[in-house]
Every structure is written in C-alpha cells, then in structure tokens.
Amino acid sequence: MIRITRAPLPQAALTSMAGYTGDIGQATIPGQRAKELWKHTTVRRHVHPVLKRTLAEMAPGLERCMYCGDNQGTDIDHFEPVRINPLRTFDWHNHLLACSLCNSHLKRDLFPISCDGTPLLIDPSSEDPAAHLHLSLAAGAYVKLSDRGEATIKVFGLNRPILIRGRRRAYLATPPLLNRWHEAFVKGDLDEAADWADTIWEQPTADVVHAMFHQAVTPGAEDVFADESETLALLRDPVIRAALLRTD
Ligand SMILES: [Zn+2]
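Since this is a predicted model, take the numbers as computed values, not measurements.

Visitor: Hey, could you run me through the domain arrangement of the protein chain in this one?
Guide: Interface size is commonly expressed as the accessible area that is lost once the parts come together. One can read the domain layout of the protein chain as domain 1 (1-111) and domain 2 (127-248). Listed by partner, the interface residues are 15 residues for domain 1 and 19 residues for domain 2. When its residues are assigned to classes, the side of domain 1 that touches domain 2 shows nine nonpolar, two polar and four charged.

Visitor: How do you make sense of the nonpolar core when you look at a structure like this?
Guide: Counting 46 residues, the largest nonpolar core has Cys65, Met66, Tyr67, Cys68, Ala98 and Cys102 as the members making the most contacts within it. Secondary structure elements with two or more residues in this core: strand S2 (95-98), helix H5 (100-107), strand S3 (133-136), helix H6 (147-156), helix H7 (161-186), helix H8 (190-201), helix H9 (206-215) and helix H11 (229-236). Both of domain 1 (1-111) and domain 2 (127-248) provide at least three residues apiece to this core. Non-local contacts of Met66, meaning those with residues more than four positions away in its chain, are made with Ile4, Ala59, Gly73, Leu96, Leu97, Ala98 and Pro124.

Visitor: Honestly, H9 in this entry has me stumped. Any pointers?
Guide: Helical geometry note: an α-helix holds 3.6 residues per turn, so side chains three or four residues apart project in the same direction. The buried fraction of H9 amounts to eight of the ten residues, a majority that puts the element mostly inside the structure. Regarding H9, the residues found buried are Ala206, Asp207, Val208, Val209, His210, Ala211, Met212 and Gln215. Tucked into the core, H9 has its buried residues touching S3, H7, H8, helix H10 (221-224) and H11.

Visitor: Teacher, can you tell me more about the pairing of S2 here?
Guide: Looking along a regular strand, one sees the side chains alternate between the two faces of the sheet. Of the two faces of S2, the one holding His95 and Leu97 and the one holding Leu96 and Ala98 are both buried throughout. Pairing geometry for strand S1 (residues 75-78) and S2, over four bridges, is antiparallel. Bridged to Ile76 within S2 is Leu97.

Visitor: I would appreciate a short explanation of the packing of helix H1 (residues 11-26) against helix H2 (residues 30-39) in the present structure.
Guide: Describing two packed helices takes the angle between their axes plus the distance from one axis to the other. Where H1 contacts H2, the axes come no closer than 8 Å and their chain directions differ by 150 degrees. Our classification of the angle between H1 and H2 gives roughly antiparallel. As H1 runs across H2, the sense of the crossing is right-handed. Here Tyr20, Asp23, Ile24 and Gly25 of H1 lie close against H2, whose contacting residues are Pro30, Arg33, Ala34 and Leu37. Looking at the contact of H1 with H2, its residues break down into five nonpolar, one polar and two charged.

Visitor: Can you walk me through the environment of Ile29 in this structure?
Guide: Inspection of the secondary structure assignment puts Ile29 in the loop between H1 and H2. Separated by 79 residues in sequence, Ile29 and Arg108 place their C-alpha atoms 21 Å apart.

Visitor: Would you take a moment to explain unusual backbone geometry for this structure?
Guide: Across residues other than glycine, the phi torsion is negative in most instances, and most of the peptide bonds are trans. With phi around 45 degrees, Arg108 is a residue other than glycine that occupies positive phi space. Residue classification places Arg108 among the exposed residues on the basis of 12 C-beta atoms within 10 Å. Here the phi dihedral of Thr205 falls at roughly 50 degrees; this positive angle occurs in a residue that is not glycine. Take Thr205: it is sitting in the loop between H8 and H9. With 26 C-beta atoms counted inside 10 Å, the residue Thr205 sits in the buried group.

Visitor: Looking at this structure, I do not really get the pairing of strand S4 (residues 141-144). What am I missing?
Guide: Pairing of S3 with S4, which is carried by four bridges, proceeds in the antiparallel orientation. In the sheet register, Ser136 faces S4, and the bridge partner there is Ala141. Remark: four residues form the turn of the hairpin made by S3 and S4, two consecutive strands paired antiparallel; Gly140 in that turn has positive phi of roughly 75 degrees.

Visitor: Teacher, can you tell me more about the packing of H7 against H9 here?
Guide: Close contact between H7 and H9 brings their axes to 8 Å; oriented N to C, the two are set at 55 degrees. Compared by their axis directions, H7 and H9 come out oblique. Handedness of the crossing formed by H7 with H9: right-handed. Contacts between H7 and H9 involve Arg167, Ala170, Tyr171 and Thr174 on the former and, on the latter, Val208, Val209 and Met212. A class-by-class count of the residues in the contact of H7 with H9 yields five nonpolar, one polar and one charged.

Cut-off values and rules
Residues numbered from 1 in each chain as written. Predicted model: local features only at pLDDT ≥ 70, side-chain atom pairs only at ≥ 80, totals over all residues. Domains from an automatic or database assignment. Contact = placed C-beta atoms within 7 Å. Nonpolar A, V, L, I, M, F, W, Y, C, P; charged D, E, K, R; others polar. Core = buried A, V, L, I, M, F, W, Y, C linked by C-beta atoms within 7 Å. Buried ≥ 20, exposed ≤ 12 C-beta atoms within 10 Å, placed from the backbone. Helix = DSSP H or I, 4+ residues; strand = E, 2+ residues; numbered from the N terminus. Pairing = 2+ DSSP bridges. Axes fitted to C-alpha atoms, helices over the stretch in contact; angles between N-to-C directions. Parallel < 35°, antiparallel > 145°, perpendicular 65-115°, else oblique. Left-handed = near helix turned anticlockwise from the far one by under 90°.

Shown next as structure tokens:
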C-alpha cells in the first residue's frame, strides 16, 4: 500500500454530490436513503463514471487497487462504510479505488475503531501508510509498525500468499528493468527510457518499487541490499531518482 495523492473532482460532480448529501441528511432513515441514492440510475450514469475516472488516474500502476496494489481497481470503495456513516456516501474524500476482492470480500463493512474511538484502517489518500506498515522486500510481506498497521494488514489481507509471491517476483524483476532504463538513458534514447520507466511502475505491486527506492536511502540500506550493491547504487543514483521516482 503506497501513498495516493487525491486529485480534484470537477466542480459539477462536487455540487451534485453535496445535493445528495443534503437529501440523505434530511431523510427519516439516512442509511436507507444513502443506499437508494448510490444505486440510483442517475447517479450510476452521471456520478460513478466521474468518480471512477478520477480515481483511476490517481491509482498506482495500471489502475491498480489502492489497497492491495495487485488487481485492477474496479469498485468505488467507501472507506468509511455507508452503513456506519451514510452522510459520507457522497464525500469525495471517502472514495477509494479497490478491487472487488478487497472491497466486497475482505473489507466489506469492516471499519475497526481503536479504544479512543479513532479509525484503525489506513486511508492511503490521507496519510502515508509507511508510518504504520513496513514492506520486507526479501519476504514480500508487510510488517506492522503499529496497531493501525496490524488492523490494515488483517482487514485487507495484505499478506495473502498470492500477494507475497507477486511482490517477490517484482523484487526480482525490478533491478534488470532499472538497468535497461539506465542503458537507454546513457545512450540518449529518451523514448526507450520512458518506456522502461512505465514498465517499472506499471508492474502490479508497485509498492515494491516504491519500497526499494525508499529503503535504499534509509538507515540499514546496506543490510537490506546486502548482496545487491549494484542495485543499491542504481536506486541511490540522483539521476535515476529524479527521473523515476513518482511517489514521495
Ligand atoms: Zn485489492
């Protein structure tokens, strides 16, 4: 899971969503009204496409799920579920792009709360998941750094075996791709370099590439990349970082 930068939504969509929120606020049963409106034909035709299009532009790689980073993001997820807070059904800052597995089978209506009443799940569009989750590159698995990290790993199944396998593959595939980018750049073929840059970031599990760049410049990098001094040098190269880093 990597930090997502939220894009602005067109004003027309924001205005119509504010109207729907007002409608829900005045309803006798807000939760029921919220579900009716969200599924209404007009909303499906005129609101959902704008939301999906904007979320897809924000998503990592090839429109990947903002939670697992592996599958195509197909669903608009309400981070705070409609059942819990119907007034956020049409809140742009409550919408994330998720795959159907993360959205409908794993997270569903789960929204765990800590003892002090604050949400435990990490919203990657409002904070950096790295404060709560560390990706072990060698293992391909997330390690919790806090209770919130633990809840996020659990609810989204971030350490499910197929994700671990995919991350380990991405970790093996990335160094040769960095080399190909570097070779194209050195010979002055910027179009080819741009193709390799897209190839690097459009792999599934772009969180691996993100973690590689991040961990290469943090204390302990020599241990993380113990047998990969060439890869570490590439990841630390200021020219490569300036050209390839797409996330903070
Ligand atoms: Zn997912």
